[in-house]
Amino acid sequence: MAETDHLYIFDTTLRDGEQSPGASMSREEKVRIAKGLERLRVDVFEAGFPAASEGDFDSVRTVAESVKDSRVCALARTRQADIQAAGEALAGAEAGRIHTFIATSPIHMENKLHMAPEQVVETAVQAVGQARQLCDDVEFSAEDAGRSDQDFLCRIIEAAIDAGARTINIPDTVGYNLPEQFSGLIRSLCERIPNSDKAVFSVHCHNDLGVAVANSLAAVQAGARQVECTVNGLGERAGNAALEEVVMAVKTRQDCFPCSTQVNAREIVPASKLVANITGFHVQPNKAIVGVNAFAHESGIHQDGVLKHRETYEIMRAEDVGWNTNRMVLGKHSGRNAFRARLEELDIHLESEEQLNEAFARFKTLADKKHEIFDEDLQALVTEAGAALENERIKLLSLHVCSETGEQPEATVSLLVDGEERRAVAPGSGSVDAALMAVDSVVQSGTELLLYSVNNITSGTDSQGEVTVRLERGGRIANGQGADVDIVIASAKAYVAALNKILASQDRRHPQAADV
Ligand code: KIV
Ligand code: ZN
């Protein structure tokens with residue numbers, strides 16, 4: 001294994017993170033997250049799986065062209081067409097990486113691949129060789145390594161390194177391993193594989209048993225020098241190792257790790273909020289580092305201790321991970337320039353004047369209702385404005401809801417559908433239900449509501465409520481977000497945004513769901 005004190009952080013929020021059911025993101029949303037990852041200074045991030053669909057290809061290509069400071073990676077099965085697509089999607093990247101994978105556990109080889117181990121080795125070698133023709137930087141993953149035979153892993157990894165792979169990833173695909181066992185595996189592979197010093201060993205842990213971060217950290221102590229992780233621990237099933245936890249554990253406990261990362265920790269909370277805002281996967285309050293309570297001291301004894309000497313109860317400083325660093329507020333007297341400047345400071349670059357106009361108009365409407373506009377409000381507003389411009393076939397023109405104690409609420413909605421104004425009235429069990437029913441009685445969408453959640457963007461009763469609605473139709477899932485100081489209006493906006501995405505969504509497949 002290459003001896004280095006640099007720990008590479010490989011983010012896969014845009015690929016494995018997107019595999020969380022319901023976390024699908026549009027191309028523009030992916031670019032915004034990619035920019036956030038660049039600000040975080042992750043070494044590499046996986047932008048997607050170009051062979052999965054035209055939409056995925058297009059997203060990876062656009063992201064690759066938009067990013068300068070992080071290496072952009074594209075995932076590919078060992079199929080020729082996948083690797084070709086990955087190479088093409090990365091053509092415009094400043095620095096690219098092709099990541100190819102094949103399963104190595106007996107259960108996967110027998111039941112999924114229907115391949116003998118020897119064929120799997122040959123296929124891996126061919127794929128790495130083909131990828132090296134297209135890109136200097138190639139990563140090979142032995143899928144389900146955590147349940148693979150160690151002798152076989154040694155064979156296939158040695159062959160992949162010989163074929164030109166410079167990063168070898170050991171995924172615990174199903175989250176089955178425990179820390180001691182997993183670090184033992186990494187140590188043993190590094191020691192036994194004769195050419196292991198020619199590659200960086202990487203780990204990719206899933207959180208099915210709640211130990212993805214513990215496994216990743218144990219692997220680093222055993223010699224791994226790349227950790228694959230996601231913002232907020234997003235990812236397939238129970239998720240992946242959380243980037244913020246891995247980074248802060250290594251930074252806070254330098255006494256236990258012989259390496260460090262280049263991540264700009266002050267960008268952790270902004271990145272977390274950005275991902276939560278775009279995916280609609282809100283962070284639990286007690287989540288380490290990025291939960292709203294992560295640095296809150298409720299008990300009197302703790303408060304007293306922290307006031308006397310901060311380190312009595314705090315091992316990290318909230319501001320060091322980006323809490324409360326961006327509190328500058330805008331208000332109704334703020335002009336277009338101040339608005340644009342604040343967006344730029346937040347590194348939100350709207351691509352066209354049209355986008356800026358749309359966002360500024362929304363800002364003015366909000367500023368009339370809400371005294372102070374915080375950065376979080378701006379993030380929500382830009383998400384909404386972007387979604388509206390991207391695929392707005394349905395537009396909410398007005399909503400009127402009657403709600404009275406003892407009476408059934410009723411909503412009257414007016415929508416612009418493909419340019420034609422339509423109106424409907426519907427009752428509901430509550431105001432939100434009535435508003436959504438009224439919208440649906442116009443659109444007749446045939447969708448199923450998978451999730452409805454409300455989150456206050458900032459604190460106070462004048463805070464905007466941010467609503468996420470997740471809809472499903474014919475296997476397609478889309479999230480819509482809406483924000484407003486009135487949560488019934490926010491709900492209707494979120495519902496309309498999700499409907500617009502369902503109407504515009506393209507077929508997408510996930511790599512592990514696809515046949516190999
Ligand atoms: O979990 C997994 O094995 C993966 C691979 C594609 C690296 O996501
Ligand atoms: Zn994974």
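*Asks:* So what about the domain arrangement of the chain? Which residues, and what values?
*Replies:* Entries for the chain in the domain assignment read domain 1 (5-279), domain 2 (295-325), domain 3 (336-387) and domain 4 (392-511). The gap between the C-alpha centroids of domain 3 and domain 4 is 21 Å. Tallying the contact residues gives 12 residues for domain 3 and 13 residues for domain 4. Surface buried jointly by domain 3 and domain 4 totals about 990 Å² across both partners, of which 55% is contributed by carbon and sulfur atoms. Among the residues of domain 3 in contact with domain 4, K369, K370 and E384 are the three that bury the most area, contributing 43% of the side total. Here domain 3 and domain 4 share 1 salt bridge between them. The partner of K369 in a salt bridge is D484, and the shortest N-O contact between them spans 2.9 Å. Summed over the shared surface of domain 3 and domain 4, the number is 2 residue pairs in polar contact (both at pLDDT 80 or more).

*Asks:* Now, about a nonpolar patch on the surface: what can you tell me, with residues and values included?
*Replies:* Taken together, L449, Y452, V454 and I487 make up a surface patch of nonpolar side chains, about 320 Å² in accessible area. Among the elements that take part in the nonpolar patch, strand β12 (residues 448-456) stands out by supplying 3 residues, more than any other. With respect to the secondary-structure elements, V454 resides in strand β12.

*Asks:* Mind laying out the coordination of the zinc ion (ligand 2), listing which residues take part and the relevant values?
*Replies:* For the zinc ion (ligand 2), the full set of protein donor atoms is D16 (OD), H204 (NE2) and H206 (NE2), at a range of 2.0 to 2.2 Å. Summarised as a motif, the one-chain spacing of the donors to the zinc ion (ligand 2) is D-x187-H-x1-H. Each member of the pair, H204 together with H206, is buried.

*Asks:* Give a detailed account of the pairing of strand β11 (residues 420-427), specifying residues and quantitative values.
*Replies:* Here strand β10 (residues 410-417) pairs with β11 via 8 bridges, running antiparallel. Counted as the bridge partner of E410 is P427 from β11. Linking β10 to β11, which pair antiparallel, is a turn of 2 residues; within it D418 sits at a positive phi near 45 degrees.

*Asks:* Help me get a handle on the environment of L7, residues and values and all.
*Replies:* Considering the arrangement of structural elements, one finds L7 in the segment before β1 (8-11). Between the C-alpha atom of L7 and that of A341, which follows or precedes it by 334 residues, the distance is 35 Å. Here L7 is in contact with D43, V220, A224, R225, Q226, V227, V250, C259, S260 and T261, once residues within four sequence places are set aside.

Cut-offs and rules
Residues numbered from 1 in each chain as written. Chains lettered and ligands numbered in written order. Predicted model: local features only at pLDDT ≥ 70, side-chain atom pairs only at ≥ 80, totals over all residues. Heavy atoms only, no water. Domains from an automatic or database assignment. Contact = heavy atoms within 4.5 Å. Buried area = accessible area lost by both parts, 1.4 Å probe. Salt bridge = Lys/Arg side-chain N within 4 Å of Asp/Glu carboxyl O. Polar contact = N/O pair within 3.5 Å; in protein donor to acceptor, adjacent residues only side chain to side chain. Patch = residues over 30% accessible without salt bridge, like charges linked within 9 Å, V, L, I, M, F, W, Y side chains within 5 Å. Areas by Shrake-Rupley, 256 points an atom, 1.4 Å probe, with all protein chains shown as cover. Helix = DSSP H or I, 4+ residues; strand = E, 2+ residues; numbered from the N terminus. Donors = N, O, S within 2.8 Å, 3.2 Å for Na, K, Ca; no water. Buried < 20%, exposed > 50% of the residue type's maximum accessible area, 1.4 Å probe, protein only. Pairing = 2+ DSSP bridges.

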